[in-house]
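Understanding the architecture of this molecule
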Amino acid sequence: MKRGPLSAVEAAVVGCRRCPRLVTRREEAADDSRAVPGAAYWARPVPGFGDPAARVFVLGLATAAHGGNRTGRAFTGNPSADSLMPAMHRAGFASRATSEHRGDGLHLDGAWMASVVRCPPPGNRPTPGERDRCLPYLRAEVAALPALRVIVALGGWTWSAVLKAFDAPPRPRFGHGAEHRLPAGPLLLGCYHPSRQNTATGVLTAPMLDDVLGRARELADA
Ligand code: SF4
């Protein structure tokens, strides 16, 4: 159940049309019936979801055109979710190991999940302007999570976006397991992105994901 500030952020995100290129992309993806035949697409920006008492925020790059843009929930119905959600379940942050659709019964315990850019960019590459237009939603969600202690940044692009969002010079280098205290308070924790490219090539393995999420829990519980 969401409380006031998070509901206000959600309403603002879902109604947003600030990025013309991404509005076009999310609606065109919904019209591409070849990707997931017969699916009814959300085709709106995807807000964060999870536990309002979250101490850990797991943050990705952007909404997937045929994942969150289809299902309406971040990390739902795409290959990244297939790798990440079992690890979230093993770490005790997710009630189940799969994330398929908004009515699948998944709930998060102590965690919040979202992407920096809430609409699907072509080629999964947002422009700097698109990133900057969406950063206020990240700041607003972080501000609305009073118990937050750790932000897990999935990938170097996300790591840099968080540093920009919270104006955090010097800019420490991204790495898997890297840690940096943000001026706003939470600790930033790096993790390779659970993309199919990374998981299929062994760049990111299940034990590596478990290590980072275990560290996130340790930091959150400290
Ligand atoms: S990417 Fe963010 S700022 Fe741009 S239209 Fe989507 S929700 Fe709005």
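See the structure printed just above.
About the thresholds
- Residues numbered from 1 in each chain as written.
- Predicted model: local features only at pLDDT ≥ 70, side-chain atom pairs only at ≥ 80, totals over all residues.
- Heavy atoms only, no water.
- Helix = DSSP H or I, 4+ residues; strand = E, 2+ residues; numbered from the N terminus.
- Contact = heavy atoms within 4.5 Å.
- Near = heavy atom within 4 Å.
- 1 Å grid on protein atoms, 1.4 Å probe; cavity = no way out; pocket = protein on both sides within 12 Å on 5 of 7 lines; lining within 4 Å.
- Sits in = over half its atoms within 2 Å of the grid points.
- Nonpolar A, V, L, I, M, F, W, Y, C, P; charged D, E, K, R; others polar.
- Buried < 20%, exposed > 50% of the residue type's maximum accessible area, 1.4 Å probe, protein only.
- Pairing = 2+ DSSP bridges.
- Points joined across faces, edges and corners; volume = space filled by probe spheres on them.

Considerations on the side chain of His180
- By secondary structure assignment, the location of His180 is in strand 5 (residues 179-181).
- Once residues lying within four places of it in the same chain are set aside, the contact partners of His180 are Trp159, Leu163, Ala168, Pro170, Pro172, Pro186, Leu187 and Leu188.

Quick word on the site of the ligand
- Taken together, Cys16, Arg18, Cys19, Leu22, Pro45, Val117, Arg118, Cys119, Arg133, Cys134 and Tyr137 make up the full set of residues adjacent to the ligand.
- The cavity where the ligand resides is the largest cavity.
- Sorting elements by how many residues they give to the shell around the ligand places helix 5 (residues 128-143) first, with 3 residues.
- When grouped by side-chain class, the residues that make up the shell around the ligand number 8 nonpolar, no polar and 3 charged.

Digging into the pairing of strand 2 (residues 56-62)
- Burial runs high along strand 2: 7 of the 7 residues are buried.
- For strand 2 and strand 3 (residues 111-117), the ladder comprises 6 bridges, and the chain directions are parallel. By the bridge assignment for strand 3, Phe57 is matched with Trp112.
- By the bridge criterion, 4 bridges tie strand 2 to strand 4 (residues 150-154) in an arrangement that is parallel. Its bridge partner lying in strand 4, Phe57 is registered against Ile151.

A look at the layout of surface pockets
- Estimates place the volume of the largest pocket at around 730 Å³.
- As for the largest pocket, its lining consists of 30 residues, and the residues nearest its centre are Ala64, Asn78, Ser80, Asn124 and His193.
- Contributions of two or more residues to the lining of the largest pocket are made by strand 2, helix 4 (79-90) and helix 7 (196-200).

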